[in-house]
Amino acid sequence: MKILFKGHQFKYETEATVKLFIPGRFEFLYDAVYADGDIVCSQLRRGRENIYLFASCRVSGKRARKALKLPKEKEALCEHEICRLVFECLKKITGITPPWGLLTGIRPVKKMTALLESGLDKKQCFEALEKKYSVTQRRLELAYDTAVYQMPLLKSVKSGSISLYISIPFCPTRCSYCSFVSHSIESAKKLIPDYVRALCREIEIVGKIISDLSLSVDTIYIGGGTPTAIEASLLDIVMKALSDNIDISSVREYSVEAGRPDTMTEKKLEVIIKNGAGRISVNPQTMNDDVLKRIGRRHTAEDMINAFKLARDIGFKNINTDLITGLPGDSMESFKDTLSKIRELDPESITVHTLTLKRSAELYRENIEAFENNPAAKMTEYAADILPAAGYRPYYLYRQKNTIENLENIGFAKEGMESLYNIFIMDETQVILGAGCAASTKLIDKNGKITRIHNYKFPYEYIGRFDELMKKKNQIYEILGE
Ligand code: SF4
């Protein structure tokens, strides 16, 4: 597929629009006169008083054209309007209606929240987003419900409060769809004690920054990877480093991503609860054993049920479970069965992700055809119907690039059992200090400008270049100390 630009260079947004309909790689041509094969062409021509925009698309022998005239003073709208013309042509040719319309950003709820905060009512918000982005009614409802849930929680964030993210990037095996920086426990075994030592040193440094700047910790999230993949004694060392170096008395939510059920032992769960974390996430992704095998997991649905019950017996009152729609080999029937089994366990929150096709994932490289005719959209809509009826409300929502059918990930929670950390990280209103491999620190200055500091991606690099990395942390003083 070729994308041809004439008289403009709105490459990024045009490509994102084409990807709503046609996955894959594109060849970009600028001001070429002719190109054969499938093509999306958009053109901008300036007249004396007006700007003329055109789109013409040819895909699998089908064609569509659209044109628009804009007065010169509306030049700032050209990029969006050219994308709209391309969108309408491809919608006509392919018969696809992208659920989020032209809205390609990863945080659709932020747009809804901004409109609500500007004083518009629900109907006006819907009209505005429908008109500008052609968002479907169903997604407007979803974004609205999520925004309404979040607004009072976002207002509860106190000035000077921060969230803390601690990364333990190891997993028992690598899932075939995984594109995170996670290392199998087998291959990284020798590195783990050194990693834990470095992480504890970074926690000490971050603790000093928090105290020097009189910040208060609002939420803590220990994620990865699978933090429970390391031994209980090492997890205890990390969690003790947190309470020894940081005042956690102000913490409203302390989560550990237990992740894979096959890593959860009584000892590890006791370490987590004893060190003050009250929320865990147990993530089967599916309750279909064949699909679990196919995605490279070593546990069964029964292991998940046992791990969940063990966590309840030990005293966890806030448990999340993560699921993924569109996994290879999964069907609508099997997804319904997964949801019903999860609901029997009665977790406080259920996060429904849609499979994402990242090139770094083994699944993408090996089995790309598995994504054709994927029932992910039906599964996601089924979850969005069934879960609110069962008392779970959507409370956070985000999109990722390369997700099947441009769908979304939705966190559903029982009233009052949502994850604050998830909301804050998506809304970008709270400073996040990260520690550990691949963790990122997000600083927000008094004008709302965001600066990110990224830790090294790989454990050996994180350990070997630790002092160099810590120098970068001085930026925290510069930005937050103002
Ligand atoms: S458990 Fe999560 S981080 Fe670990 S390999 Fe699977 S998808 Fe990646």
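Reading guide: rules and limits
- Here the residue numbering is sequential within each chain, running from 1 through the sequence in written order.
- Totals for whole chains, interfaces and linings use every residue, but because this is a predicted model, local features are given only for residues with pLDDT of at least 70 and side-chain atom pairs only at 80 or more, for both listing and counting.
- The basis for every side-chain value is the complete set of heavy atoms in the structure, and neither hydrogens nor water enter the calculation.
- Put simply, DSSP H or I for four residues or longer makes a helix, DSSP E for two residues or longer makes a strand, and each gets a number counted from the N terminus.
- We compute the radius of gyration from the C-alpha atoms alone; for a globule the expected value is 2.2 Å times N to the 0.38, where N is the number of residues.
- Residue contacts follow a heavy-atom distance rule, with two residues in contact if any of their heavy atoms lie within 4.5 Å.
- Note that accessible areas follow from Shrake-Rupley with a 1.4 Å probe, and for residues the cover is restricted to the protein chains shown.
- Neither His nor the chain ends is counted toward charge; the positive residues are Lys and Arg and the negative residues Asp and Glu.
- The atom standing in for a charge is NZ when the residue is Lys, CZ when it is Arg, CG when it is Asp and CD when it is Glu.
- Nonpolar cores are built from buried Ala, Val, Leu, Ile, Met, Phe, Trp, Tyr and Cys residues. Side-chain atoms within 4.5 Å join them into one set.
- Three exposure classes are used, based on accessible area relative to the maximum for each residue type with a 1.4 Å probe and protein chains only: buried under 20%, partly exposed in between, and exposed over 50%.
- Should DSSP find at least two bridges between two strands, the strands are taken to pair.
- With the strands pointing away from the viewer, any crossover whose connection runs clockwise from the first strand over the helix to the second is right-handed.
- The reported arc concerns the directions from the helix axis to the C-beta atoms and nothing else.
- Working definition: rings of Phe, Tyr and Trp (its six-membered ring) pair if their centres are within 6.5 Å, and the pair is stacked with planes under 30 degrees apart, edge-to-face with planes over 60 apart, and tilted otherwise.
- Helix axes are fitted to C-alpha atoms over the stretch in contact, other axes to C-alpha atoms as well, and angles between N-to-C directions run from 0 to 180 degrees.
- One heavy atom within 4 Å of a molecule or strand is enough for the residue carrying it to be called near that molecule or strand.
- Here the term charged refers only to Asp, Glu, Lys and Arg, the term nonpolar to Ala, Val, Leu, Ile, Met, Phe, Trp, Tyr, Cys and Pro, and the term polar to all other amino acids, Gly among them.
- Where each domain begins and ends follows an automated or database-derived domain assignment.
- Buried area adds together the accessible area that both of two parts lose upon being put together, with accessible area traced by a 1.4 Å probe.
- What counts as a salt bridge is simple: a side-chain nitrogen of Lys or Arg found within 4 Å of a carboxyl oxygen of Asp or Glu.
- The definition of a polar contact used here is a pair of N or O atoms within 3.5 Å, where within protein one atom must be able to donate a hydrogen and the other to accept one, and adjacent residues in sequence count solely through side-chain atom pairs.
- An angle below 35 degrees is treated as roughly parallel, one above 145 as roughly antiparallel, one from 65 to 115 as roughly perpendicular, and anything else as oblique.
- Helix crossings are classified by the rotation of the near helix relative to the far one: an anticlockwise turn of less than a right angle makes the crossing left-handed, while a clockwise turn makes it right-handed.

Q: How should the overall build of the protein chain be read in this particular structure?
A: Looking only at helices and strands, the protein chain has 18 helices and 18 strands in total. What you see for the protein chain is a C-alpha radius of gyration of 24 Å, in line with the 23 Å of a compact globule of 482 residues. The dimensions of the protein chain, computed from C-alpha atoms along their principal axes, are 70 × 55 × 45 Å. A separation of at least 24 residues holds for 72% of the contacts in the protein chain among residues at least 6 apart in sequence. Surface summary for the protein chain: the accessible area is close to 21,800 Å², and the carbon and sulfur share equals 49%. If you average the places of the 70 positive and of the 63 negative side-chain charges in the protein chain, the two averages end up 5 Å apart.

Q: When you look at the nonpolar core in this model, what are you seeing that I'm missing?
A: Proteins that are soluble and globular tend to have nonpolar side chains buried together. Met112, Leu164 and Ile280 are the most contacted members of the largest nonpolar core, which totals 124 residues. Broken down by element, the residue count for this core peaks at 10 residues, all from helix α7 (residues 192-212). Filtering out sequence-adjacent residues up to four positions away, Ile280 remains in contact with Val256, Ala258, Met264, Leu269, Ile272, Ala311, Phe316, Asn318, Ile319 and Asn320. By size, the runner-up hydrophobic cluster in this structure holds 15 residues, among which are Leu292, Leu327, Leu363 and Leu407.

Q: It is not clear to me how the environment of Ala143 should be interpreted in this structure. Could you clarify?
A: Position of Ala143 among the secondary structure elements: in helix α5 (residues 137-155). Its relative accessible area of 2% is what places Ala143 among the buried residues. Between the alpha carbons of Ala143 and Phe335 there is a distance of 23 Å; along the sequence they are 192 residues apart. Ignoring sequence-local partners within four residues, the contact set of Ala143 consists of Trp100, Val109 and Met112.

Q: Would you explain the pairing of strand β2 (residues 27-30) in this entry?
A: For a regular strand, side-chain orientation follows a simple rule: the groups alternate between the two sheet faces. With 4 bridges connecting them, strand β1 (residues 2-6) and β2 associate as parallel partners. Counterpart to Leu4 in the pairing with β2 is Leu29. In this view, the connection linking β1 to its parallel neighbour β2 by way of helix α1 (residues 11-19) has right-handed handedness.

Q: Quick question: what am I supposed to make of helix α9 (residues 266-274) here?
A: Helical geometry: 3.6 residues make up each α-helical turn, so side chains three or four residues apart lie on a common side. Turning to α9, its buried residues are Lys268, Leu269, Val271 and Ile272. Seen end-on, α9 carries its buried residues on one side only, within an arc spanning 155°. Opposite the packed face of α9, turned more than 90 degrees from it, sit the exposed residues Lys267 and Lys274. In the segment just after α9, Gly276 is the residue with positive phi, at about 105°.

Q: Sorry, what's going on with the packing of aromatic side chains here?
A: Ring pairs (aromatic) are described by centroid distance and by the angle formed between their planes. What the rule picks out here adds up to 14 aromatic pairs. Ring geometry for Phe5 against Tyr30: centres 5.0 Å apart, planes inclined by 20°, an arrangement best described as stacked. A residue pair is termed long-range when its members are at least 10 positions apart, and Phe5 in strand β1 and Tyr30 in strand β2 qualify at 25 residues. Take Tyr30: its relative accessible area is 37%, and that puts it in the partly exposed class. Seen in terms of ring centroids, Tyr395 and Tyr396 are 5.2 Å apart; in terms of plane orientation they differ by 40°. Their pairing is tilted.

Q: Sorry if this is basic, but what is going on with the sheet that holds β2 here?
A: Strand pairing within a sheet occurs via backbone hydrogen bonds; the two strands may be parallel or antiparallel. Within the open sheet, the 5 strands sit side by side as β2-β1-β3-β4-β5. Their pairing is mixed. The open sheet is flanked by β2 and β5 (62-71), the only strands paired with a single partner. Neighbour-to-neighbour, the strand axes of this sheet turn through a mean angle of 10°, independent of strand direction. Across the sheet, α1 lies against β1, β2 and β3 (39-46), angled at about 140° from β1, the strand it touches most. Helix α2 (residues 78-94) rests against β3, β4 (50-59) and β5 of the sheet, and its axis sits at about 30° to β4.

Q: Quick question: what am I supposed to make of the site of the ligand here?
A: Near the ligand, the surroundings consist of Cys171, Thr173, Arg174, Cys175, Tyr177, Cys178, Phe180, Ser182, Gly225, Thr226, Arg260 and Arg297. Of the residues assigned to the shell around the ligand, the class counts are 5 nonpolar, 4 polar and 3 charged.

Q: Would you mind showing me how to read the domain arrangement of the protein chain here?
A: Bring the parts together and some accessible area is lost; that lost area is often taken as the interface size. Each domain of the protein chain was delimited in the assignment, giving domain 1 (2-94), domain 2 (108-153) and domain 3 (156-469). At the junction of the two partners, domain 1 supplies 4 residues and domain 3 supplies 4 residues. Of the roughly 330 Å² buried where domain 1 meets domain 3, counting both sides, 32% is carbon and sulfur surface. The largest per-residue losses of area from domain 1 upon contact with domain 3 belong to Tyr12, Leu20 and Arg25, which jointly make up 78% of the total buried on that side. In this assembly, domain 1 and domain 3 are joined by 0 salt bridges. On inspection of domain 1 and its partner domain 3, the count reaches 1 residue pair in polar contact (both at pLDDT 80 or more).

Q: How should the packing of helix α12 (residues 332-345) against helix α14 (residues 376-389) be read in this particular structure?
A: Each pair of packed helices can be described by the angle between their axes along with the distance between the axes. α14 packs onto α12 with a crossing angle of 30° between their chain directions and a minimal axis gap of 10 Å. Classed by the angle they form, the pair α12 and α14 counts as roughly parallel. For the pair α12 and α14, the crossing hand works out as right-handed. Contacts from Met332, Phe335, Lys336, Leu339 and Arg343 of α12 reach α14 at Lys378, Met379, Tyr382, Ala383, Ile386 and Leu387. Among the residues making up the contact of α12 with α14, the classes are represented as 8 nonpolar, no polar and 3 charged.

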